[in-house]
Amino acid sequence: MESLREIFRIGKGPSSSHTMGPQRAAIIFAERHPEAARFEVTLYGSLAATGEGHMTDKAIIDVLKQLAPVEIIWEPEVFLPYHPNGILFRAYNSSQDLLDEWTVYSVGGGALSEGKGKDDYFHKESVYDMHTLRDIQTWCEHHGRGYWEYVKQCEGEELWDYLREVWKTMQAAVERGLDSEGALPGPLNLARKAPNYFIKARGYKPSLQSRGMVYSYALAVSEENASGGTIVTAPTCGACGVVPAVLYHLSKGHEFSETKILHALATAGLFGNIVKHNASISGAEVGCQGEVGVACAMASAASCQLFGGSPSQIEYAAEMGLEHHLGMTCDPVCGLVQIPCIERNAFAACRALDAQLYASFSDGSHRVSFDRVVEVMKQTGHDIPSLYKETSAGGLAKQYPM
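Note that the structure is a prediction, hence the values are computed from the model and not measured.

Peer 1: Whenever I open this one, the environment of Glu165 confuses me. Can you help?
Peer 2: Here Glu165 lies in helix 7 (residues 159-179). With 149 residues separating them in the primary sequence, Glu165 and Ile314 have C-alpha atoms 25 Å apart.

Peer 1: Would you take a moment to explain the sheet that holds strand 5 (residues 98-108) for this structure?
Peer 2: Strands in a sheet are paired, the pairing made by backbone hydrogen bonds, and the direction either parallel or antiparallel. Pairing is mixed in the open sheet, where five strands are placed in the order 3-2-4-5-6. Only two strands of the sheet have a single neighbouring strand rather than two, namely strand 3 (70-75) and strand 6 (111-113). Along the sheet, successive strands turn relative to each other by an average axial angle of 25 degrees, direction set aside. Relative to strand 5, strand 4 (residues 86-92) runs antiparallel, the two sharing seven bridges. Considered in strand 5, the bridge of Tyr92 is made with Leu98.

Peer 1: Where do I start with the nonpolar core in this structure?
Peer 2: One recurring pattern in soluble globular proteins: nonpolar side chains tend to sit buried together. Counting residues in each nonpolar core, the largest one holds 100 residues, and the members touching the most others are Phe8 and Phe370. The biggest single contributor to this core is helix 13 (residues 292-306), with eleven residues. Here Phe8 is in contact with Tyr162, Leu163, Val166, Met170, Val232, Thr233, Ala234, Leu265, Ala268, Gly269 and Met298, once residues within four sequence places are set aside. The next biggest cluster of nonpolar side chains, apart from the first, holds 23 residues, and it includes Phe39, Ile60, Val63 and Ile87.

Peer 1: How should the environment of Gly290 be read in this particular structure?
Peer 2: The topology assignment puts Gly290 in the loop between helix 12 (283-286) and helix 13. What makes Gly290 buried here is its relative accessible area of 0%. Separated by 37 residues in the primary sequence, Gly290 and Gly327 place their C-alpha atoms 9.4 Å from one another. Here Gly290 is in contact with Pro235, Ser280, Ile281 and Met377, once residues within four sequence places are set aside.

Peer 1: Would you explain the pattern of salt bridges in this entry?
Peer 2: Between side chains of opposite charge, a pair can form as their charged atoms come close. Tallied over the entire structure, the rule returns 20 salt bridges. Among the ionic pairs, Arg164 bridges to Asp161, the shortest N-O distance being 3.2 Å. Of the two residues, Arg164 and Asp161 are both situated in helix 7; the distance of three residues between them amounts to about one turn of the helix. Judged by relative accessible area, which is 27%, Arg164 ranks as partly exposed. With a relative accessible area of 54%, Asp161 lands in the exposed category. Between Arg164 and Glu258 there is a salt bridge, with its nearest N and O atoms 3.1 Å apart. Of this pair, Arg164 sits in helix 7 while Glu258 sits in helix 11 (residues 258-278), placing them 94 residues apart in sequence. Residue classification places Glu258 among the partly exposed positions, given a relative accessible area of 36%. Put simply, Arg38, Glu40, Glu71, Arg90 and Glu101 are held in one network by salt bridges that share partners.

Thresholds, definitions, all that
Residues numbered from 1 in each chain as written. Predicted model: local features only at pLDDT ≥ 70, side-chain atom pairs only at ≥ 80, totals over all residues. Heavy atoms only, no water. Helix = DSSP H or I, 4+ residues; strand = E, 2+ residues; numbered from the N terminus. Pairing = 2+ DSSP bridges. Axes fitted to C-alpha atoms, helices over the stretch in contact; angles between N-to-C directions. Core = buried A, V, L, I, M, F, W, Y, C linked by side-chain atoms within 4.5 Å. Buried < 20%, exposed > 50% of the residue type's maximum accessible area, 1.4 Å probe, protein only. Contact = heavy atoms within 4.5 Å. Salt bridge = Lys/Arg side-chain N within 4 Å of Asp/Glu carboxyl O.

No statement about biological role is implied by the geometric values presented.
Following this line, the structure appears as C-alpha cells:
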C-alpha cells in the first residue's frame, strides 16, 4: 500500500479520476515532448462518456495547448482492457510523423497507471508491510496501539506535517463553501445549498441543529468541488465532502484538539488505503460504492476513534459505513459531479456518525469483517453494468428531463 499522500491529494475539482488524473498525465506527456507540433488525445470509456461534464478535455487542453494545437477524440463505446478510464496520447512533428504514443489510465483518486505492474512508470514500493485490516487490527491489539500509531510507524513523523496541510485545506473548503452563493457551473443551473442549510440549522433545537450543520459542511465542500475549487480527495473528488464534514463538525462541536483530528485523519486514510489496494476507489470501475461508500467508511472509523472506540469498534464502524453502500451506482446527471453526488456526500456524512454511534454501543464483535466487505464491494462493482459506472448512460442520468 502506498503513502496516505496518495489518498489525500490536494487539488482542484470536480473529479479526481476525470480531471486531476488526466491533467497530471498531460503534464507528464508535455514534459516528454516539448518539441511536438501537434497533439492528439483519445479518451476511452468513462472518460469519454462523461468527460465534458467533468472538464476532462479542458484539463488536458489547458496543459498541451501551451506547446502545440490539441485534438481530442472521444470513444465512449470503447473500453480498454485494464481500466475504464483509458487515455491515448500521441505527439506529432511538423511533418505529421508520429513521434510517440502513450497509453495511460486514470485509476481513481487522481492516481495514474500504465497497467504494467512493477514495470509501470507509476509503480511505487509499498509503504505498509500489512495490507489487510485483520492483520493490522491484530497488530494493534497485540501491541496495545491504535490504527494511527501503525500509520505513524510505517510513514514516519513527517506525515503529520502533510496531514496538517490536508486538515487546513479541508477546513478552508468548508468555510469557503459556507460563504459562497449562486449557481454551480454547468447546464443544470443547480443553486448552492450549503449557506442556507447552515443558517436554517442554527434555528433548530440542538438535537436537529447538529445534523443540519453536518449537512451544510458536506454540501459546502462538495459544492466547492463542483465549482472547480481546491479540495482534498478523501478518497476522491466526488466523495470529498464526507470526511471534512464529519471532522469539522466534531472539531467545532466537541472541541477535539488538532492532534486528535490528525490522528483521526491517519486512521481514515488507512481504511481508505486498504480499499484502494485490495479493491478500487474508482467510480468508473466499481460505482459510487467505491467513492461515497469508502468515504463513509473512512469517516466512520475516524469519528469512532475520536470517541474512544477500540480497534474492533473502529473496524465495525468502518465495516457498516461501507457495507450499507454496497451496490451504489455512479450515474451522474449530465456527467457533472452534482446530481446525485452532492446530496450523497451529505447523507454519507451523517451515516458515518450513525455508524460510529452504533459501533460504540457494541463491544465491537460482529459477523462480517471489513476485509470481507471490501472483497464483496470489488465483486459487486465488477458485476454492475458499465452504464451505471460513470458513463451517464443509465439510471438517474438517463431519466433526467433536460
